[in-house]
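Single-letter residue listing:
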Amino acid sequence: RDLHSFPTRRSSDLTAAGDRQSLAIGMAGLVTFQTMKAHRREASRLADELVQLLGAIGDPTLTVALPYAAMVAKHETAEMADILRFAQLVIDLAEGDPAKGSLIFESPLTVATTMRGFARWCLGIAGWKDDFDQAITTAFANMTDPGTLGGVMWFTYVPAIPYGVLVADATALRDTAEFLAIAEQSGDDLAFDLAQGVHGLALAYQEGAARERGFELLAKVRERAANNLFAMTNLPIADMHIAREKARAGDTADAVELARSVVDDLFNDGGSIWTALATSVLVEALLQRGGEGDLDEAQNAIDQLASAPTDPGFVLHEITLLRLRALLAHARGEKSAYRDYRDRYRAMA
């Protein structure tokens, strides 16, 4: 069905039915719908309701099966403490059984392990790479469900590569290419969209023909999202990389305009996991152009990111701000400030 036709009844309208298990399943779908439509704040609020409902129901199997929708919603709003809590809940209740709660995914435990790794690196907590390695190994060795593999691959690589947490190296290229081949054979449109996105992203950090192919795949993903056939939350991911590529090619005017639009949209929506990256792309383009008022606009963009509310311990904004302040100080010729920000950035990295 077209996403616009999805029912949007509130949980309070449905409780009279008395079937809280069915209500929870329906709410998981509604959370997913709101996330895919980039209604980030509404999806986050519904995610809280879903997890609270699961706690009230008290069915461990259902609680393992459904929180992934809530974690995806919280990923978009960068509420990492909630993701960490939800993921650990699933991991604990699964008790090592990869098939427990396989209502939607073949292995909720494997996907939850990925989400814990993602939350851990955003919060600067050790163990994130072990989570990723474990989830990827398990997914490729045992999974026949492209949805489980899609969740693992997307949340391992898509946030981590642009933020520099993981490098788009030979391992990333091999993993994402294998996922794309599996998705092509599966006939699963969602898995195929995810696979094009994650492999396209990895290729976009290469050089030459591979890089060109990466941007071709990202363009396809963007078109699908813009036409309401894939999650609209992927639009800023594609646009940020397109803006950065424009700056790389010397088209700083278009790069600044596109990056500025993405930053404005994300902040007007209350912020996102992508806010720091979008700000980075904008500041880098402004500093590269270096025209009248560009350094001041870069400063304003940095200050806006610094004022954004985040979870305690959310190092993603902190490290981004150190890097951007170092770049701006260098552009202004402030050597002492540059060295200070640079050294603090390196230490945190």
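Preceding this section is the structure that the text describes.
On a predicted model such as this, the values are computed, not experimentally measured, just so you know.

J.: I'd like to hear about the overall build of the protein, residue by residue, with values.
T.: Counting its regular elements, the protein contains 17 helices and zero strands. Against the globule reference of 20 Å for 349 residues, the protein gives a C-alpha radius of gyration of 20 Å, in line with a compact fold. Taken over the C-alpha atoms alone, the protein extends approximately 65 × 40 × 40 Å along its principal axes. When contacts within the protein are restricted to residue pairs at least 6 apart in sequence, those whose partners lie at least 24 apart make up 62%. Of the roughly 15,300 Å² that the protein leaves accessible, carbon and sulfur atoms contribute 51%. With 33 positive and 48 negative side-chain charges, the protein shows a spacing of 3 Å between the two charge centroids.

J.: Could you give an account of the side chain of R211, naming the residues involved and the relevant values?
T.: Within the element layout of this structure, R211 appears in helix α11 (residues 208-226). According to the relative accessible area criterion, R211 is buried, its value standing at 13%. A distance of 3.2 Å separates a polar side-chain atom of R211 from the backbone oxygen of A204. In this structure R211 touches L203, A204, Y205, Q206, E245 and R248, once residues within four positions along its chain are discounted.

J.: Summarise the packing of helix α4 (residues 67-76) against helix α5 (residues 80-94); cite the residues concerned and give the values.
T.: Here α4 crosses α5 at 160°, and the two axes come no closer than 9 Å. As summarised for this structure, α4 and α5 are arranged roughly antiparallel, according to the angle between their axes. With respect to the hand of their crossing, α4 and α5 are arranged in left-handed fashion. Across the interface between the two elements, P67, A70, M71, K74 and H75 of α4 pack against M80, D82, I83, F86, A87 and V90 of α5. Across the contact of α4 with α5, the residue classes break down as eight nonpolar, one polar and two charged.

J.: Go over the nonpolar core with me, naming the residues and quoting the values.
T.: Counting 106 residues, the largest nonpolar core has M80, M115, F118, I273 and W274 as its most contacted members. Take this core: its biggest share by element is nine residues, from helix α14 (residues 275-289).

J.: Tell me what's going on with unusual backbone geometry, and back it up with residues and numbers.
T.: In this model, E95 sits at a positive phi of 55°, which is unusual for a non-glycine residue. The residue E95 is located in the loop between α5 and α6 (108-122) in this model. With phi around 65°, N228 is a residue other than glycine that occupies positive phi space. Residue position: N228 is located in the loop between α11 and α12 (235-248).

J.: Explain the packing of α14 against helix α15 (residues 294-306) to me, and be specific about the residues and the numbers.
T.: Running from N to C, α14 and α15 cross one another at 165°; their axes reach a closest spacing of 9 Å. One way to sum up the angle between α14 and α15 is to call them roughly antiparallel. Note on packing geometry: the crossing formed by α14 with α15 is left-handed. Each of T275, A276, T279, L282, V283, L286, L287 and R289 in α14 lies in contact with α15, whose residues at this interface are D294, L295, E297, A298, A301, I302 and L305. Its residues assigned to classes, the contact of α14 with α15 comprises 10 nonpolar, two polar and three charged.

J.: Pulling in residues and values, what's your account of the pattern of salt bridges?
T.: Summed over the entire model, instances satisfying the criterion amount to 25 salt bridges. In this structure, the salt-bridge partner of E76 is R40, at a minimum N-O distance of 2.8 Å. In this pair, E76 is assigned in helix α4 and R40 in helix α2 (residues 40-57), connecting sequence segments 36 residues apart. With respect to burial, E76 and R40 carry one shared label: buried. The partner of E245 in a salt bridge is R248, and the shortest N-O contact between them spans 3.6 Å. With E245 and R248 both in helix α12 and three residues apart, this pair spans about one turn of that helix. We classify E245 as partly exposed; its relative accessible area is 21%. Overall, R248 belongs to the partly exposed group, its relative accessible area being 47%.

J.: An account of the packing of aromatic side chains is requested, with residue identities and associated values reported.
T.: Considering all chains together, one arrives at eight aromatic pairs under this definition. With centroids separated by 6.2 Å and ring planes inclined at 85°, the aromatic side chains of Y68 and F155 adopt a geometry described as edge-to-face. Of this pair, Y68 sits in helix α4 while F155 sits in helix α8 (residues 146-157); the two residues are 87 residues apart in sequence, bridging distant segments of the chain. Using a relative accessible area of 4% as the deciding quantity, one classes F155 as buried. Centroid distance Y163 to W274: 6.1 Å. Interplanar angle 5°. Geometry classified as stacked. Residue Y163 is found in the loop between α8 and α9 (170-186), and its partner W274 is found in the loop between α13 (252-268) and α14; the two are separated by 111 residues along the sequence. Residue Y163 shares its accessibility class with W274, and that shared class is buried. Through successive ring pairs, a cluster of aromatic residues spans Y68, F105, F118, W121, F155, Y163 and W274.

J.: Tell me about α5, and please be specific about residues and values.
T.: Spanning 15 residues, α5 covers 21 Å between terminal C-alpha atoms, matching the ideal 21 Å at 1.5 Å per step. The inward-facing, buried residues of α5 abut α2, α3 (60-65), α4 and α6. Looking one or two residues beyond α5, the residue adopting positive phi is E95, at roughly 55°.

Calculation criteria
Each chain has its residues counted from 1, running along the sequence as written. The predicted origin of the model limits local features to residues at a pLDDT of at least 70 and limits the giving and counting of side-chain atom pairs to 80 or more, whereas totals for whole chains, interfaces and linings rest on all residues. By convention in this description, side-chain values take in all heavy atoms of the structure and omit both hydrogens and water. Helix and strand labels come from DSSP, where a helix needs a run of H or I of at least four residues and a strand needs a run of E of at least two; each type is numbered from the N terminus. C-alpha atoms define the radius of gyration in this analysis, and the globule rule sets the expected value at 2.2 Å times the number of residues to the power 0.38. Any two residues whose heavy atoms approach within 4.5 Å at even a single point are treated as in contact. Areas reported as accessible are Shrake-Rupley estimates using a 1.4 Å probe. Residue values count occlusion only from the protein chains shown. The convention is simple: Lys and Arg are positive, Asp and Glu are negative, and His and the chain ends are not counted. Where a charge lies is defined by one atom per residue type: Lys uses NZ, Arg uses CZ, Asp uses CG and Glu uses CD. For every residue, the accessible area obtained with a 1.4 Å probe (protein chains only) is divided by the maximum for its type, and the residue is called buried under 20%, exposed over 50%, and partly exposed between those limits. We call two N or O atoms a polar contact when they sit within 3.5 Å, provided that within protein one can donate a hydrogen and the other can accept it, with sequence-adjacent residues counted only if both atoms are side-chain atoms. Axis geometry follows a simple rule: fit a line to the C-alpha atoms, using only the stretch in contact for helices, then measure angles between N-to-C directions, giving values from 0 to 180 degrees. Small angles under 35 degrees read as roughly parallel and large ones over 145 as roughly antiparallel, with 65 to 115 read as roughly perpendicular and the rest as oblique. Left-handed describes a crossing whose near helix is turned anticlockwise from the far helix through less than a right angle; right-handed describes the clockwise counterpart. Just so you know the grouping, Ala, Val, Leu, Ile, Met, Phe, Trp, Tyr, Cys and Pro go in nonpolar, Asp, Glu, Lys and Arg go in charged, and all remaining residues, Gly too, go in polar. Take the buried Ala, Val, Leu, Ile, Met, Phe, Trp, Tyr and Cys residues and link them wherever side-chain atoms come within 4.5 Å; each set so joined is a nonpolar core. Here a salt bridge means any side-chain nitrogen of Lys or Arg lying within 4 Å of a carboxyl oxygen belonging to Asp or Glu. When the centres of two rings from Phe, Tyr and Trp lie within 6.5 Å, Trp using its six-membered ring, the rings pair. Their planes under 30 degrees apart give stacked, over 60 give edge-to-face, and anything left gives tilted. Helix span, as expected, comes to 1.5 Å for every residue beyond the first.

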